[in-house]
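Residue strings, one per chain:
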Amino acid sequence: MPDFERVKKSRNEDDDVEVQASRVLRVMNNAIAKLKIATCLPAFISDDSLLLRKYLRNDEVDFIQVTCEQYISPLGQQARMTKKNSVAHPRMALALDMIWNNMELRNLALENHGDLADPTALPLIDSIHSLTQLTETKLGQTAKEERLSRKQLRTAWYENAEMQKQLSELTTKIERQGDEGESKIVQSMQLVRSYQNKILSHIQTVKRTIKERVENSEKTMYGESTASLVRQANLSSDAKTVTNQYEAVLSQHLNVEKKLRAKRLKVETQLANWLSKYDADMGERQAEFEHLDDIYNRQKESMDLLRVMVAEQQAEYEALWTERLEEGLANLRVNRAARIIQRCWRKYRAKKLAAKRGKSDKKKKKKKGK
């Protein structure tokens, strides 16, 4: 029974803690919501409080305007700072309650807070919101979880100290390696300087070589220029000779072309005559061909009729031939059978006669013996 009461008591304590935590969170959330509405007041009272007049009465709008002007106008700020017993705070709380109690206006302010709120107040709201989340996290932790969290923090602190120690050792090592690297860099710079000196000497040598080659090339170009002038003179004389030859060949070709044109005209005339003659001959041949074609078609029709008649006669002939062939075969079979029968009959009669002759000879022999 005592255990049950202890468990019940612990449960009641947990419930009380949860209730208190929910109350704290609700208060903080309401404070954030009202702070959001307060940051929207500049937008509400702009344009002669046009937005407020849609949801509140005129006297309420005037009250909110007068209260907000104490914070906006310089005279109101100065008066509020000089007066010790200022009533601006209660009036502002009442103005905020008017907006808060109007459900439509409150929802409008909370839903469009990003567009209506003063940008300078957004960091404060974000900070309070973060504080609320942190408070919710802390209130949701039990004593055991808090001890575990502290233990983890101590472990993390020790690990951080160990890492700081390792970091210092690594820093020392890096500095030592940096010193070694600087010495290597100095050696490399010396090596680079030596190579630069060698490069400068090579550059001077190359410049001298280039200068000598330029001088030699200029001499060569002068000689080649002189030779080119001589070649140009020779080519000029050759060009004149070729021009004269071209003119002679051109006149010759023009004469040949003239003759060929005359010959072409003659050939074209002959061709035209041949074509007209061909057309006349072909007209006669065409008429003759049509006449022969007509005769051929008539003869072909007669031939087709004859072929039909021959085919019919061929069928009759084949039928008669088949019939006669069958009759001949039948006669042949009958004649052959008759010959076979006659042959057998002759053999039979010959045997009979031979038998009779044998019997008569035996009788004659018996009579002679007696």
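None of these values were measured; they are calculated from a predicted model.

Reading the values: the criteria
Residues numbered from 1 in each chain as written. Predicted model: local features only at pLDDT ≥ 70, side-chain atom pairs only at ≥ 80, totals over all residues. Heavy atoms only, no water. Helix = DSSP H or I, 4+ residues; strand = E, 2+ residues; numbered from the N terminus. Buried < 20%, exposed > 50% of the residue type's maximum accessible area, 1.4 Å probe, protein only. Contact = heavy atoms within 4.5 Å. Phe/Tyr/Trp six-rings, centres within 6.5 Å; stacked < 30°, edge-to-face > 60°. Lys NZ or Arg CZ within 6 Å of the ring centre and 35° of its normal. Core = buried A, V, L, I, M, F, W, Y, C linked by side-chain atoms within 4.5 Å. Polar contact = N/O pair within 3.5 Å; in protein donor to acceptor, adjacent residues only side chain to side chain. Arc of directions from axis to C-beta. Patch = residues over 30% accessible without salt bridge, like charges linked within 9 Å, V, L, I, M, F, W, Y side chains within 5 Å. Areas by Shrake-Rupley, 256 points an atom, 1.4 Å probe, with all protein chains shown as cover. Salt bridge = Lys/Arg side-chain N within 4 Å of Asp/Glu carboxyl O. Lys, Arg positive; Asp, Glu negative; His and termini not counted. Charge placed at Lys NZ, Arg CZ, Asp CG, Glu CD.

## A closer look at the overall build of the chain
Thought 1: Counting its regular elements, the chain contains 9 helices and 0 strands.
Thought 2: Secondary structure elements of the chain, listed N to C terminal, follow the sequence α-α-α-α-α-α-α-α-α.
Thought 3: Relative to its 370 residues, the chain shows a buried fraction of 11%.
Thought 4: A separation of at least 24 residues holds for 65% of the contacts in the chain among residues at least 6 apart in sequence.

## Here's the deal with the packing of aromatic side chains
Thought 1: Summed over all chains, the structure comprises 2 aromatic pairs.
Thought 2: Seen from their ring centres, Trp157 and Tyr158 are 5.3 Å apart, and the 70° between their planes marks the pair as edge-to-face.
Thought 3: Among the residues examined, Trp157 registers a relative accessible area of 57% and is labelled exposed.
Thought 4: When its relative accessible area of 55% is taken as the criterion, Tyr158 is described as exposed.
Thought 5: Taking the ring centre of Trp100 as reference, the NZ or CZ of Lys34 above it sits at 5.6 Å.
Thought 6: The side chain of Arg106 reaches across the aromatic face of Trp100, ending 4.5 Å from its centre.

## Quick look at the nonpolar core
Thought 1: Leu41, Phe44, Leu52, Ile64, Ile99 and Leu105 are the most contacted members of the largest nonpolar core, which has 23 residues in total.
Thought 2: When residues of this core are assigned to their parent elements, the largest contribution, 6 residues, is made by helix H5 (residues 88–101).
Thought 3: Once you skip the residues sitting within four places of it in the chain, Ile99 turns out to touch Ile37, Leu41, Phe44, Leu52, Ile64, Leu105 and Arg106.

## Some thoughts on the environment of Leu110
Thought 1: Position of Leu110 among the secondary structure elements: in helix H6 (residues 103–111).
Thought 2: For Leu110, a relative accessible area of 31% translates into the label partly exposed.
Thought 3: Along the chain, Leu110 and Lys34 lie 76 residues apart, while their C-alpha atoms are 9.2 Å from each other.
Thought 4: If we ignore the near neighbours within four places in the chain, the residues touching Leu110 are Ala33, Lys36 and Ile37.

## A word on the side chain of Glu60
Thought 1: You can see Glu60 is positioned in helix H3 (residues 58–72).
Thought 2: What makes Glu60 buried here is its relative accessible area of 16%.
Thought 3: A polar atom in the side chain of Glu60 sits 3.1 Å from the side chain of Arg57.

## What about H6?
Since the α-helix advances by 3.6 residues per turn, residues separated by three or four positions end up pointing in the same direction.
Thought 1: When we look at burial in H6, the residues that qualify are Leu105, Arg106, Leu108 and Ala109. Taken end-on, H6 shows its buried residues confined to a sector of 160°, consistent with a single buried face. Looking at H6, the residues exposed on the side facing more than 90 degrees away from the buried face are Glu104 and Glu111.
Thought 2: Between the side-chain oxygen at the start of H6 and the backbone nitrogen of Glu104 there is a gap of 3.3 Å, and the oxygen is on Asn102.

## Notes on a positive patch on the surface
Thought 1: A surface patch of like charges, here positive, comprises Arg336, Arg339, Arg343, Arg346, Lys347 and Lys351.
Thought 2: Relative to the helices and strands, Lys347 resides in helix H9 (residues 143–369).

## What to know about the pattern of salt bridges
For side chains of opposite charge, pairing can occur when their charged atoms come near one another.
Thought 1: All chains considered together, the criterion is met by 6 salt bridges.
Thought 2: Between Glu60 and Arg57 there is a salt bridge, with the nearest N and O atoms lying 3.1 Å from each other.
Thought 3: Note on Arg57: relative accessible area 51%, which makes it exposed.
Thought 4: Taken together, the shared-partner salt bridges connect Arg57, Asp59 and Glu60 into one network.

## Some remarks on the side chain of Arg106
Thought 1: Take Arg106: it is sitting in helix H6.
Thought 2: Although Arg106 is buried, it makes no salt bridge; Asp97 carries the closest opposite charge, 9.1 Å away.
Thought 3: In this view, Arg106 contacts Ile37, Ile99 and Trp100; residues no more than four positions away in its chain are not counted.

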